[in-house]
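As a plain string of letters, each chain reads:
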Amino acid sequence: MNDGKVTVGRTAGLFLGAAVLRLALFTLFPGLPDLLTGRVEVSTPVTSFKRLQEGLFLYNHNVSPYEGGVYHQAPLFLPLFALLPSFATLPIFTYLLYIAVDLLSANALLKIADSREAGSSALFTSPRRDKRWSGFIVAALFLLNPFTIATCIGRPTSVFTTCAILHAIAKAIAGAPFTAMVALSFASYLSLYPLLLLPPLLLLAYDRRKQATKTTPFAFTVTHIGIVIGVHAILFGMSYLLTDYSWEFLPSTYGIQLTLQDLTPNVGLWWYFFVEMFDSFRSFFLAVFWLHLSAYVGGLTIRIRRQPLAVMTLLLGIFAIFKPYPSISDTSLFLALIPLFRHVFPLMRYTFLVTAIIIYCCFLGPAFYHLWIYAGSGNANFFYAITLVWGLGLSLLVCDLTFAVLRDEWEVERPEMVGKEIRQI
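Residues numbered from 1 in each chain as written. Predicted model: local features only at pLDDT ≥ 70, side-chain atom pairs only at ≥ 80, totals over all residues. Heavy atoms only, no water.

Chemist: Where do I start with unusual backbone geometry in this structure?
Modeler: Leave glycine aside and you will find that most residues have negative phi; peptide bonds, for their part, are mostly trans. One non-glycine residue, Tyr 245, lies in the positive phi region at around 55 degrees. On the secondary structure map, Tyr 245 appears in the loop between helix H11 (217–242) and helix H12 (249–259). (Helix = DSSP H or I, 4+ residues; strand = E, 2+ residues; numbered from the N terminus.)

Right under this line is the structure:
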């Protein structure tokens, strides 16, 4: 009982400390939020807080927020932020909203960690499962991650997607598949790409369903896909009513991600490629890029069927590299889930190299962007080159984690191979 009180007290202290830190950065450095909001590493055309403010201004003046081609976010953000006092006069309420979302994300992550799903799923138990970090440590790593803090201060709407994804995973593990599907539907409504997490989330929810519930895998899948479709229909219907009986939000919100109409620089790989692309080949390569992004879902889900949480972690890492408009918010979500797999850290081989690459890019990325945009002594190749290195570092991390998870499974199947060297050919 005393241990439980201590744990609750430590968690409350962590959450309070994280909230105070964020609030201090907001208030003591009043220029920092606007500085980070304008950074391409933090904000993208589909998550930018500045673009949200423009859309909100049009919405409050009874003009369609999608008129000027600037606002590319979900319509339901507009009434949410319209309920808050004006950001220009009382920004504290907006700050508190973003802080609360971060804390909700951390709470969901804490529950995921304490469930021990990463080391002991319904179909696989790792022999290294006792080498784990508590939910407190995992939540602390998330809340104190510089990428997470910068994202909160920069106020992109991607924090809401992160929160919805983490709650979908937490609810699936807790045996609440309906709530998990609703949370994933909200995440995909806000950002589109989380819909690709549906197959592994269905497997996780099925594995963790209440044993009293007797249903076949096919019936379970059809039922919960129906829930996702139903929730999307409700959200789209509300958006249709909100935009004065217009479907214009569909091409403005989701079409821009599918067709990459806005080529604003970001930390991803798409923008420069399509800047240089001839229009006659654009449609073909759009299809190729989207096929490449979605192709990992089936393969990973089938190959690592016994560990659906590992599949979702790897997919989120892949999305942080290859989605159309990535930011450090996507990276912070991926990095938040990696500590769940503390038990396979000894099997990872490139930890130092990946850490060095990420630190290298954190310093040179802003420098190269400054040389290109402000100093005029560089060009787009400077910044794109460092985004390629950034993508390389994250790719190595995804591959290394994949190797460690598969090696862990393999050593259970082949105990005689424990500790022996593997050569990849």
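Chemist: Please clarify how the environment of Ala 336 should be interpreted in this entry.
Modeler: For Ala 336, the position within the fold is in helix H16 (residues 328–337). Ala 336 sits in the buried class, given a relative accessible area of 3%. Each C-alpha atom of the pair Ala 336 and Leu 315 lies 13 Å from the other, and the pair is 21 residues apart in sequence. Not counting the four nearest positions on each side in its chain, Ala 336 is found in contact with Leu 109, Val 138 and Phe 142. (Buried < 20%, exposed > 50% of the residue type's maximum accessible area, 1.4 Å probe, protein only. Contact = heavy atoms within 4.5 Å.)

Chemist: What exactly am I supposed to notice about the side chain of Ser 48 here?
Modeler: For Ser 48, the location among the structural elements is in the loop between helix H2 (32–37) and helix H3 (49–60). Under the relative-accessibility criterion, Ser 48 is labelled buried at 7%. Side-chain polar atoms of Ser 48 contact the backbone nitrogen of Lys 50, separated by 3.2 Å. The residues contacting Ser 48, other than those within four sequence positions of it, are Ser 43 and Gln 73. (Polar contact = N/O pair within 3.5 Å; in protein donor to acceptor, adjacent residues only side chain to side chain.)

Chemist: For this particular structure, what's the right way to read the packing of aromatic side chains?
Modeler: Summed over the entire model, instances satisfying the criterion amount to 40 aromatic pairs. Arranged with centres 5.1 Å apart and planes meeting at 80 degrees, the rings of Trp 270 and Phe 289 form a pair that is edge-to-face. Remark: Phe 289 occurs in helix H14 (residues 279–303) and Trp 270 occurs in helix H13 (residues 270–275); sequence separation between them is 19 residues. Given a relative accessible area of 17%, Phe 289 falls into the buried group. Between Trp 271 and Tyr 272, the aromatic rings sit 5.6 Å apart at their centres with planes inclined by 80 degrees, giving edge-to-face as the arrangement. These aromatic residues form a ring-pair network of at least three members: Phe 26, Phe 49, Phe 77, Phe 81, Phe 87, Tyr 95, Tyr 98 and Phe 160. The ring of Phe 136 carries the charged tip of Arg 10 above its face, separated from the ring centre by 4.0 Å. (Phe/Tyr/Trp six-rings, centres within 6.5 Å; stacked < 30°, edge-to-face > 60°. Lys NZ or Arg CZ within 6 Å of the ring centre and 35° of its normal.)

Chemist: Looking at this structure, I do not really get the pattern of salt bridges. What am I missing?
Modeler: A side chain with one charge may pair with a side chain of the opposite charge, provided their charged atoms come close. Scanning all chains against the criterion turns up 15 salt bridges. A salt bridge links Glu 117 to Arg 208; the nearest nitrogen and oxygen atoms lie 2.5 Å apart. Taken together, the positions of Glu 117 in the loop between helix H5 (92–114) and helix H6 (135–143) and Arg 208 in the loop between helix H10 (198–207) and H11 put the pair 91 residues apart, joining distant regions of the chain. As a salt-bridge pair, Arg 306 and Glu 409 come within 3.4 Å of each other at their nearest N and O atoms. One end of the pair, Arg 306, is in the loop between H14 and helix H15 (308–322); the other, Glu 409, is in helix H18 (residues 380–413), and 103 residues separate them in sequence. Overall, Arg 306 belongs to the partly exposed group, its relative accessible area being 25%. (Salt bridge = Lys/Arg side-chain N within 4 Å of Asp/Glu carboxyl O.)

Chemist: Would you take a moment to explain the side chain of Arg 155 for this structure?
Modeler: On the secondary structure map, Arg 155 appears in the loop between helix H7 (146–154) and helix H8 (158–173). Among the polar contacts made by the side chain of Arg 155, one reaches the main-chain carbonyl oxygen of Pro 33 at a distance of 3.2 Å. A polar contact is formed between the side chain of Arg 155 and the side chain of Asp 34, at a distance of 3.4 Å. Setting aside residues no more than four positions away along its own chain, Arg 155 makes contact with Phe 26, Pro 33, Asp 34, Thr 37, Phe 49, Phe 87, Tyr 95 and Tyr 98.

Chemist: Can you walk me through the packing of helix H9 (residues 177–191) against H11 in this structure?
Modeler: Pairs of packed helices are described in terms of their axes, by the angle between the two and the distance that separates them. Put simply, H9 and H11 touch, their axes get as near as 9 Å, and they point 45 degrees apart. Comparing their axes, H11 and H9 come out oblique. The way H9 lies across H11 gives a crossing that is right-handed. On the side of H9, the interface is formed by Pro 177, Phe 178, Met 181, Val 182, Ser 185, Phe 186, Ser 188 and Tyr 189, while H11 contributes Phe 220, His 224, Ile 227, Val 228, Val 231, His 232, Leu 235, Phe 236 and Ser 239. Each residue belonging to the contact of H9 with H11 can be placed in one class, and the counts come to twelve nonpolar, five polar and no charged. (Axes fitted to C-alpha atoms, helices over the stretch in contact; angles between N-to-C directions. Parallel < 35°, antiparallel > 145°, perpendicular 65-115°, else oblique. Left-handed = near helix turned anticlockwise from the far one by under 90°. Nonpolar A, V, L, I, M, F, W, Y, C, P; charged D, E, K, R; others polar.)

Chemist: It is not clear to me how the nonpolar core should be interpreted in this structure. Could you clarify?
Modeler: Among the nonpolar cores identified, the biggest contains 130 residues, and Met 181 and Leu 340 are the most heavily contacted of them. Those residues in contact with Met 181 that sit more than four places away from it in its chain are Leu 198, Leu 201, Leu 202, Ala 205, His 224, Ile 227 and Val 228. (Core = buried A, V, L, I, M, F, W, Y, C linked by side-chain atoms within 4.5 Å.)

Chemist: What is the right way to look at H8 in this model?
Modeler: Each turn of an α-helix holds 3.6 residues, which means side chains three or four residues apart point in the same direction. In a regular helix each residue adds 1.5 Å, so 16 residues correspond to 22 Å; H8 covers 23 Å between its end C-alpha atoms and thus fits that length. Counting buried positions along H8 gives 14 out of 16 residues, so the element sits mostly inside the fold. At the exit of H8 stands Gly 175, carrying a positive phi of roughly 80 degrees. (Expected span 1.5 Å × (residues − 1).)

Chemist: What am I meant to see in helix H17 (residues 351–375) here?
Modeler: Taking 1.5 Å per residue as the helical rise, H17 with its 25 residues ought to reach 36 Å, and the 35 Å between its terminal C-alpha atoms agrees with that figure. Of all the bends in H17, the greatest reaches close to 30 degrees and is centred on Leu 364; the proline Pro 366 follows between one and four positions later. The complete set of buried residues in H17 reads Val 354, Ile 357, Ile 358, Cys 361, Gly 365 and Tyr 369. Here the buried face of H17 lies against H7 and H18. Positioned one or two residues after H17, Gly 376 has a phi angle of 70 degrees, which is positive. (Bend = angle between axes of the 7 residues up to and from the residue.)

Taken by themselves, the reported measurements are silent on function.
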